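Fold and contact review
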There are 2 protein chains.
Amino acid sequence: MAMMNEAATDRETELIARLQSAGYRLTPQRLALVRLLAHDTSHPSADQIYARLRADFPTVSLATVYNTLDVLVELGEALPLDLNEGSTRYDVRRPSAHPHVVCRLCGRVDDLEMDDLAEFVRKARSRTSYGDLHPRIYFEGICPTCAASTERRSEE
Amino acid sequence: MAMMNEAATDRETELIARLQSAGYRLTPQRLALVRLLAHDTSHPSADQIYARLRADFPTVSLATVYNTLDVLVELGEALPLDLNEGSTRYDVRRPSAHPHVVCRLCGRVDDLEMDDLAEFVRKARSRTSYGDLHPRIYFEGICPTCAASTERRSEE
DNA sequence: TTAGGTGCAAATCATTTGCAATCTC
DNA sequence: GAGATTGCAAATGATTTGCACCTAA
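All values reported here derive from a predicted model rather than from experimental measurement. (Residues numbered from 1 in each chain as written. Chains lettered and ligands numbered in written order. Predicted model: local features only at pLDDT ≥ 70, side-chain atom pairs only at ≥ 80, totals over all residues. Heavy atoms only, no water.)

1. Thoughts on the protein's contact with DNA strand D
By nearness alone, 18 residues border DNA strand D, and T27(A), R30(A), T64(A), Y66(B) and T88(B) come closest of all. Within 4 Å of the protein, the atoms of DNA strand D are drawn from sugar and phosphate moieties in a proportion of 73%. Take T59(A): an N or O atom from its main chain is 2.9 Å from a phosphate oxygen of DNA strand D. The contact in question runs from a phosphate oxygen of DNA strand D to an N or O atom on the side chain of T64(A), over 2.8 Å. Looking at the surface near DNA strand D, the elements that each hand over two or more residues are α2 (28-39) and α4 (62-74) of chain A together with α4 (62-74) of chain B. Of the residues in the surface near DNA strand D, the class split is six nonpolar, nine polar and three charged. (Near = heavy atom within 4 Å. Polar contact = N/O pair within 3.5 Å; in protein donor to acceptor, adjacent residues only side chain to side chain. Helix = DSSP H or I, 4+ residues; strand = E, 2+ residues; numbered from the N terminus. Nonpolar A, V, L, I, M, F, W, Y, C, P; charged D, E, K, R; others polar.)

Here it is in structure tokens:
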């Protein structure tokens, strides 16, 4: 647990440093947004980020949220996830491309550790004439919570 | 070549049979759409299908194209591809989930043969508590054509 | 005759953009 | 003061929907 908090704090500091050294201004909203995202493991959408940010900054606009997310993506510090879910979700804690699982029912998103991803990508490269290949991998499924409630329902 | 045409014709017949046995009417538009898709290897978007269909059926509407595509997807005969490209592309020739490559520059889409996909999916299943897992895998890259023209441009 | 199909126009929803006001270096 | 940042409202673009008409078993 101590490790997790440490890591999260590190990520926050890292992001702030990154934004500043890239010449971006660190406004109160941006600071709050970065803090939010550095600690958030839920892979939120722009809309969800907007809703949470408004608790502290009632005047913040959705456009600003999108703006800041774009900046983070440009810097390679946020990974946009297109999970066929309507809206784009963002992974700011681990911005390098990695697989995810999405719950088909509730939209919950989790990271998926695939230690053989590199091998998989290497094989893909060897089987296509396309260059500069980057993986976009996720799995649709049913999360444990939804599975449990579905089961309960069918037992009735 | 003979094999390809045969396979394509088979797919066309297959699709027609599938639609009819599922109780769907085979209207002239649907027939034309199915024919188009059975032979099309370009993974077209609804819009592209619409444009081509209008050559033969000037009054066809985009809503009808979406309708018919939805029917095919429901029957498991079309694979919708969300390639982070703005619009959904469709693979009707090989409707079972398989990896693709997309060109970042021109949007070209090709199938990618990954004979170890099953193994990869098996490993994913063993590493998550999500059930009923289905893969959504594609790679972004630069197609040979775009790579060639980019090279040419930088040589000038 | 009746449910399935069709076409049009309007609605929806995520995202982007124009622009004037504001802030920061 | 120049350039970045913000917020609002309007624009965009893919997809869906409401609804009246049509058409084949």
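We are not done yet, so read on.
2. Description of the domain arrangement of chain A
Residue and element names in this part refer to chain A. Looking at chain A, the domain boundaries give domain 1 (1-93) and domain 2 (97-156). Taking only C-alpha atoms, the centre of domain 1 and the centre of domain 2 are 22 Å apart. Contact residues are listed per partner, giving 10 residues for domain 1 and 11 residues for domain 2. Overall, the association of domain 1 and domain 2 removes approximately 790 Å² of surface from exposure, summing both partners, and the carbon and sulfur fraction of that is 58%. In terms of surface lost to domain 2, no three residues of domain 1 exceed H43, L79 and L83, which account for 53% of the buried area on that side. Our count for the contact surface shared by domain 1 and domain 2 stands at zero salt bridges. Applying the counting criterion to the domain 1 and domain 2 interface returns five residue pairs in polar contact (both at pLDDT 80 or more). (Domains from an automatic or database assignment. Contact = heavy atoms within 4.5 Å. Buried area = accessible area lost by both parts, 1.4 Å probe. Salt bridge = Lys/Arg side-chain N within 4 Å of Asp/Glu carboxyl O.)

3. Here we look at the protein's contact with DNA strand C
Near DNA strand C lie 18 residues; those nearest to it are Y66(A), T88(A), T27(B), R30(B) and T59(B). Sugar and phosphate atoms constitute 72% of the interface atoms of DNA strand C, taking the interface as everything within 4 Å of the protein. In this structure, a phosphate oxygen belonging to DNA strand C sits 2.8 Å away from a side-chain N or O atom of T27(B). Between DNA strand C and R30(B) there is a distance of 2.9 Å, counted from a phosphate oxygen to a side-chain nitrogen or oxygen.

4. Regarding the relation of the copies chain A and chain B
When chain A is fitted onto chain B, the two copies agree to an RMSD of 0.0 Å after a turn of 180° and an axial shift of 0.0 Å. Between the two chains, the operation in question is that of a two-fold axis. In terms of C-alpha distance to the rotation axis, chain A has I137(A) as its closest residue, with the C-alpha 2.3 Å off the axis. Both copies share a contact surface, since 100% of the interface residues of chain A are interface residues in chain B too. (Least-squares fit on C-alpha atoms with pLDDT ≥ 70 in both.)

5. Description of the pattern of salt bridges
In total, this model carries 32 salt bridges over all chains according to the counting rule given. Taking the shortest distance from any N to any O, the salt bridge between K123(A) and E119(A) comes out at 3.9 Å. One end of the pair, K123(A), and the other, E119(A), are both in helix α5 (residues 117-126), four residues apart, so they sit about a helical turn from each other. Here E119(A) falls in the partly exposed class, since its relative accessible area comes to 34%. One salt bridge connects R136(A) with E140(B), and the closest N-O pair in it is separated by 3.1 Å. Pair noted here: R136(A) is in strand β5 (residues 131-142) and E140(B) is in strand β5 (residues 131-142), and the two residues belong to different chains. For E140(B), a relative accessible area of 12% gives the class buried. By sharing partners, the salt bridges in this structure join D115(A), D116(A), E119(B), R122(B), K123(B) and R127(B) into a single network. (Buried < 20%, exposed > 50% of the residue type's maximum accessible area, 1.4 Å probe, protein only.)

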